[in-house]
Amino acid sequence: MRARQLEVFTAMMRAGTVTGAARLLNISQPALSQILLHCEDELGFNLFDREKGRLRPTAEALELYPEAERLFAGLEGLRRKTQDLRLGRAGLVRVGASAPPAMSLLPGILSEFRARHPDILLRSHVAPIMSLVAMLRAGDAALAVALSDHLPADILVEPLGATGFCCLLPEAHPLAAQAEVSFADLEPETVISYRSATRPHEKLDKAARQQGLSFAPQLEIDVSITAVGFVQAGLGVAVVDSLLPWGQFGGVATRPLRDSPDLPLSLLTLGGAALSRAEEIMRDQIRSVCAARLPPRP
């Protein structure tokens, strides 16, 4: 019994008449009768007895009906599910982010997405960039947002905007009295910042060398948020991204880095991997929020 024949059979059993079944399926009575006849020919037995223009279910039809109802309910559920997926009303979206965008941009992105698509399951991951790359490759995340544009060849990079750098200082530090901090101001300080061979370190090192200075952190970090505890403990002055909302941490003063280089924010996906409809909607949401909140890259 084909899917259309199953629909006609269950509609007939429910309605009890050709007229009622045709109305349920929004088709003509002759079309419904023709489908029913073809179904009976293929089955090799009658589903209905014709008596004085009326159709009465046979014993075979009564035996088939409970199973047909179960299959029809499953078919209807499948149709609703495929429609929901097509319209972005159901599914799973897996998003990864490094700490700065995860704490500054991702809450707004997910909040707006949830308001529009409450039935879609969201799964978020916060991790360093190389862990995000591993998640994309393993299928544990379909989209990732990170402060870098230098990624392996199999990772597609879409620029979303840019941020800069700032300095985190103990509140009582003399440099906290200034409106901004320069690379020259950092020369005598114990600097806490990104380790070498990372995109942020490359940017800062290049900007310092353009001023005839060096940038060599004495305390290296992989994740910018770890600098907060070190600054609060008086271990030094941190140079970190400006994206993370640093003002929420007590005991720390934040000052812009003068002549700060730009730090690119990128949307990462795995090359050759297709996005689901729900993931495409999330990608558009990420683009929209970042376009509104970040200046474009120079």
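All of these numbers come straight from a predicted model, not from anything done at the bench.

Caption draft 1: Broad picture of the pattern of salt bridges. One pass over the full model with this rule turns up 17 salt bridges. The salt bridge partner of glutamate 69 is arginine 14, with a shortest N-O separation of 2.8 Å. Taken together, the residues glutamate 69 in helix α4 (residues 59–87) and arginine 14 in helix α1 (residues 3–15) connect sequence positions 55 residues apart. Judged by its relative accessible area of 19%, glutamate 69 is buried. Salt bridges here are not isolated pairs; linked through shared partners, they connect Asp149, Arg199 and Glu202.

Caption draft 2: Expanded view of α1. When the terminal C-alpha atoms of α1 are compared, their 18 Å separation across 13 residues agrees well with the 18 Å that a helix rising 1.5 Å per residue should span. All of the buried residues along α1 are Gln5, Leu6, Glu7, Val8, Phe9, Thr10, Ala11, Met12 and Met13. Downstream of α1 by one or two residues, glycine 16 has phi in the positive range, about 85 degrees.

Caption draft 3: Local environment of the nonpolar core. Core analysis: the largest hydrophobic core is formed by 57 residues, its most contacted members being Leu168, Val239, Val240, Leu265 and Ile286. Looking at which element gives the most residues to this core, the answer is helix α11 (residues 277–293), with six residues. The contacts of valine 240, once residues within four sequence positions are left out, are Gly164, Phe165, Cys166, Leu168, Tyr194, Ile221, Ser224, Ala227 and Trp246. The next biggest cluster of nonpolar side chains, apart from the first, holds 18 residues, and it includes Val18, Leu32, Phe48 and Ala61.

Procedures and definitions
Residues numbered from 1 in each chain as written. Predicted model: local features only at pLDDT ≥ 70, side-chain atom pairs only at ≥ 80, totals over all residues. Heavy atoms only, no water. Salt bridge = Lys/Arg side-chain N within 4 Å of Asp/Glu carboxyl O. Helix = DSSP H or I, 4+ residues; strand = E, 2+ residues; numbered from the N terminus. Buried < 20%, exposed > 50% of the residue type's maximum accessible area, 1.4 Å probe, protein only. Expected span 1.5 Å × (residues − 1). Core = buried A, V, L, I, M, F, W, Y, C linked by side-chain atoms within 4.5 Å. Contact = heavy atoms within 4.5 Å.

Note that every value here comes from positions in space, so none of it alone points to a role or purpose.
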